[in-house]
Amino acid sequence: MLRVSLIYPLHKMNDSPQPNSGPRLVQEPERPRRVLVLGGGGMRGMAHIGVLRALKTLDIKFDAVVGTSIGALIGAMVAEGRDVDELEAEVRSLKKEDYFRLNAIKMLLRGPRVTSMYQGLNFRRSLERLLPDEKMGSTKMAFYCNAICLESGGSIFWGTRGFSGMSLADAVYSSCALPAVFEPFEHEGRHYIDGGIADPTPLRFAKTLHPEMVIAVDLTVKGTYRTPNFKDRAISTLFRSFEIAQEVVVEHMLHMHADENVVLIQPKVGHLHRFDFEEIPEVIQAGEDEALRVLLSHAATRDLVTCKPEDRLSCPVTPADYVQLSIDPARCVGCGLCEAVCETQGFKMAGETAQVRKVHNYECTRDHACARNCPTQAIRLGNL
């Protein structure tokens, strides 16, 4: 459906009326009702396939896709019209060597001056095999993905007005070009890297589309679920540093933009390594399980469900409208960080230990900031 605006032609005061000077009808594209946001997270992004399967099972439609990094790749295939069964078959056949091939010769010749550890061209060719030869802006569904410009430090969303002419493969590559892993994408004299560095779950941009609802998939590491798989090596330290920075960014994004019209899905996949190709089936299942639990219980989506898929769930459906907060007084040392980082006043310093102010915090943004920042692991979050 299109909105119709009435625009009257302007005439000078001494101009005579024109025969056809009535109002002109101008068609404006209607804003999307529902926007799907697919966040970044390396191979943890296979959880997006499970989320898409849950949306298909529950027959919940969406009108536009915003993707970051691996979410840009999955989002491009969805926007292009690929069915979830076809997507799952493709990702289950992925192999690490299809995407990661060391820049061995360049590393030997250039040493620390090499632009990346892996060959971006190899990754780029893999994207060309997965994606059609189409331009941004020509997909069946509206699609946007972000990248970071190294020169300006600013974000860009391919697919927006003025930035819709490049190929899908180029746009997705730029959104996935993790620094030091793949070469930056060069376009018109500027260089672009992984959009997830600064905006791993782009809620802010999704809201500029003025939808009625945003369904967002956040894959940033949540240590409250399980300790991340960290190994004391240079590359592991680099990736873990990215993840910590991304988690802080997401905390602030959720503080500002998570409201009753944002359906937040956080699959429990943070403990997996960013480039683990061995557990794709389990990651897909984790995404489907969490999406079904949230979509069936969230106040914004549960009334959209017409079928009864509860028997397919691996966990019982519980209302997800609140987060349960608890503090272990034996572990709490009274540092006050929980009160400092909680934006919904769930905690308060009282005497020598902190206290829970809201046992059931309905305003909680589910950012996990309190538990992540607690140095003694005294905080537990329930109903997540």
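Residues numbered from 1 in each chain as written. Predicted model: local features only at pLDDT ≥ 70, side-chain atom pairs only at ≥ 80, totals over all residues. Heavy atoms only, no water.

**So, the confidence of the model for the chain**
Note the following rule: Predictor confidence is given residue by residue as pLDDT, running from a minimum of 0 to a maximum of 100. Put simply, DSSP H or I for four residues or longer makes a helix, DSSP E for two residues or longer makes a strand, and each gets a number counted from the N terminus. Note on definitions: a residue-residue contact is assigned when non-hydrogen atoms from the two residues lie within 4.5 Å.
Here the chain shows a mean pLDDT of 82. Residues at 70 or above account for 78%. Confidence, expressed as mean pLDDT per element, reaches its minimum in the chain at strand 1 (residues 2-7) with 36 and its maximum at strand 4 (residues 64-67) with 98. Note that residues 1-28 has pLDDT below 50 and, in this model, 27 contacts with residues that lie over four places away or in other chains.

**Describing the state of the cysteines**
Covalent bonding between the sulfur atoms of two cysteines is what defines a disulfide. Put simply, the test is: The rule for a disulfide is simple: a pair of cysteine sulfur atoms within 2.5 Å.
Under the counting rule described, the total for this entry stands at zero disulfides. Among the cysteines around cysteine 342, which has no disulfide bond, cysteine 370 carries the closest sulfur, lying 6.2 Å off.

**Describing the pattern of salt bridges**
For clarity, the threshold we go by: One side-chain nitrogen of Lys or Arg within 4 Å of one carboxyl oxygen of Asp or Glu is enough to make a salt bridge. Exposure is judged per residue with a 1.4 Å probe applied to protein chains only, and the accessible area is read against the type maximum: over 50% gives exposed, under 20% gives buried, and values in between give partly exposed.
In the structure shown here, the tally under the stated rule is 19 salt bridges. As a salt-bridge pair, glutamate 128 and arginine 124 come within 2.5 Å of each other at their nearest N and O atoms. One end of the pair, glutamate 128, and the other, arginine 124, are both in helix 6 (residues 120-130), four residues apart, so they sit about a helical turn from each other. A salt bridge links glutamate 290 to lysine 268; the shortest N-O distance between them is 2.9 Å. Placement of the pair is glutamate 290 in helix 10 (residues 280-297) and lysine 268 in the loop between strand 10 (262-265) and helix 10, with a sequence separation of 22 residues. With a relative accessible area of 33%, lysine 268 lands in the partly exposed category.

**Side note on the pairing of strand 3 (residues 34-38)**
Put simply, the test is: A strand pair is defined by DSSP finding two or more bridges across the two strands. Handedness of a crossover is defined as follows: with both strands directed away from the viewer, a clockwise route from the first strand across the helix to the second makes it right-handed.
Within strand 3, five of the five residues are buried, which leaves the element mostly enclosed by the surrounding structure. Burial along strand 3 is two-sided: the residues Arg34, Leu36 and Leu38 and Val35 and Val37 are all buried. Bridging between strand 3 and strand 9 (residues 213-217) involves five bridges; their strand directions are parallel. Within strand 9, the residue paired with leucine 36 across the bridge is isoleucine 215. With four bridges connecting them, strand 3 and strand 4 associate as parallel partners. Counted as the bridge partner of leucine 36 is valine 65 from strand 4. Running through helix 1 (residues 47-58), the crossover from strand 3 to the neighbouring parallel element strand 4 is right-handed.

**Here's the deal with the sheet that holds strand 15 (residues 379-382)**
Strand order across the open sheet formed by three strands is 14-11-15, with antiparallel pairing between neighbours. Unpaired on one side and paired on the other, strand 14 (360-361) and strand 15 mark the two borders of the sheet. Alignment of strand 11 (residues 323-327) against strand 15, held across four bridges, turns out to be antiparallel. Residue pairing in the sheet places serine 326 in a bridge with arginine 380 of strand 15.

**A few points about the side chain of aspartate 199**
Cut-off, in case you're wondering: His is not counted, nor are the chain ends, whereas Lys and Arg count as positive and Asp and Glu as negative.
Within the fold, aspartate 199 resides in the loop between strand 8 (190-194) and helix 8 (203-208). Although aspartate 199 is buried, it makes no salt bridge; arginine 204 carries the closest opposite charge, 4.3 Å away. Apart from the residues lying within four places of it in its own chain, the contact partners of aspartate 199 are Thr68, Asn146, Phe157, Arg204, Val249 and Met253.

**Remarks on unusual backbone geometry**
Of note, aspartate 59 is a non-glycine position whose phi angle comes to about 60°, a positive value. Its place among the elements puts aspartate 59 in the loop between helix 1 and strand 4. Residue classification places aspartate 59 among the partly exposed residues on the basis of a relative accessible area of 45%. We note that histidine 368 has phi near 65°; this positive angle belongs to a residue other than glycine. Along the chain, the position of histidine 368 falls in the loop between strand 14 and helix 12 (369-373).

**Brief notes about the nonpolar core**
In plain terms, the rule: Among the buried residues, those of types Ala, Val, Leu, Ile, Met, Phe, Trp, Tyr and Cys that are joined through side-chain atoms within 4.5 Å form a nonpolar core.
Among the nonpolar cores identified, the biggest contains 69 residues, and Met46, Ile74, Trp158 and Leu295 are the most heavily contacted of them. Excluding residues that lie within four positions of it along the chain, tryptophan 158 makes contacts with Met136, Phe143, Tyr144, Cys145, Ala147, Phe163, Met166, Ala171, Ser174, His187 and Tyr192. Residues Cys342, Ala369, Ala378 and Leu384 belong to the second largest nonpolar core, which totals 17 residues.

**Focus: the packing of helix 3 (residues 84-92) against helix 10**
We apply this condition: Helix axes use the C-alpha atoms of the stretch in contact, all axes being lines fitted to C-alpha atoms, and the angles between their N-to-C directions lie in the range 0 to 180 degrees. In a left-handed crossing the near helix is turned counterclockwise from the far helix by less than a right angle, and in a right-handed crossing that turn is clockwise. Gly counts as polar in this scheme, as do all residues outside two lists: the nonpolar Ala, Val, Leu, Ile, Met, Phe, Trp, Tyr, Cys and Pro, and the charged Asp, Glu, Lys and Arg.
At a minimum axis distance of 10 Å, the contact between helix 3 and helix 10 shows a crossing angle of 145°. Where helix 3 crosses over helix 10, the handedness of that crossing is right-handed. Across the interface between the two elements, Glu88, Val91 and Arg92 of helix 3 pack against Ile280, Pro281 and Ile284 of helix 10. Classifying every residue of the contact of helix 3 with helix 10 gives four nonpolar, no polar and two charged.

**Here we look at the packing of aromatic side chains**
This is how the line gets drawn: Within 6.5 Å between ring centres, the rings of Phe, Tyr and Trp (the latter by its six-membered ring) count as paired, and their orientation is classed by plane angle as stacked under 30 degrees, edge-to-face over 60, tilted in between.
Here the structure, examined in full by the defined rule, presents eight aromatic pairs. Note on phenylalanine 123 and tyrosine 173: the rings are 5.7 Å apart at their centroids and 45° apart in plane angle, and the pair reads as tilted. In this pair, phenylalanine 123 is assigned in helix 6 and tyrosine 173 in helix 7 (residues 168-176), connecting sequence segments 50 residues apart. Accessibility classification places phenylalanine 123 together with tyrosine 173 in one group, the buried group. Between tyrosine 173 and phenylalanine 185, the aromatic rings sit 6.5 Å apart at their centres with planes inclined by 65°, giving edge-to-face as the arrangement. Residue tyrosine 173 is located in helix 7, and its partner phenylalanine 185 is located in strand 7 (residues 185-187); the two are separated by twelve residues in the primary sequence. On the accessibility criterion, phenylalanine 185 (10% relative accessible area) is buried. Through a chain of ring-to-ring contacts, the aromatic side chains of Phe123, Tyr173, Phe182 and Phe185 assemble into a single cluster.

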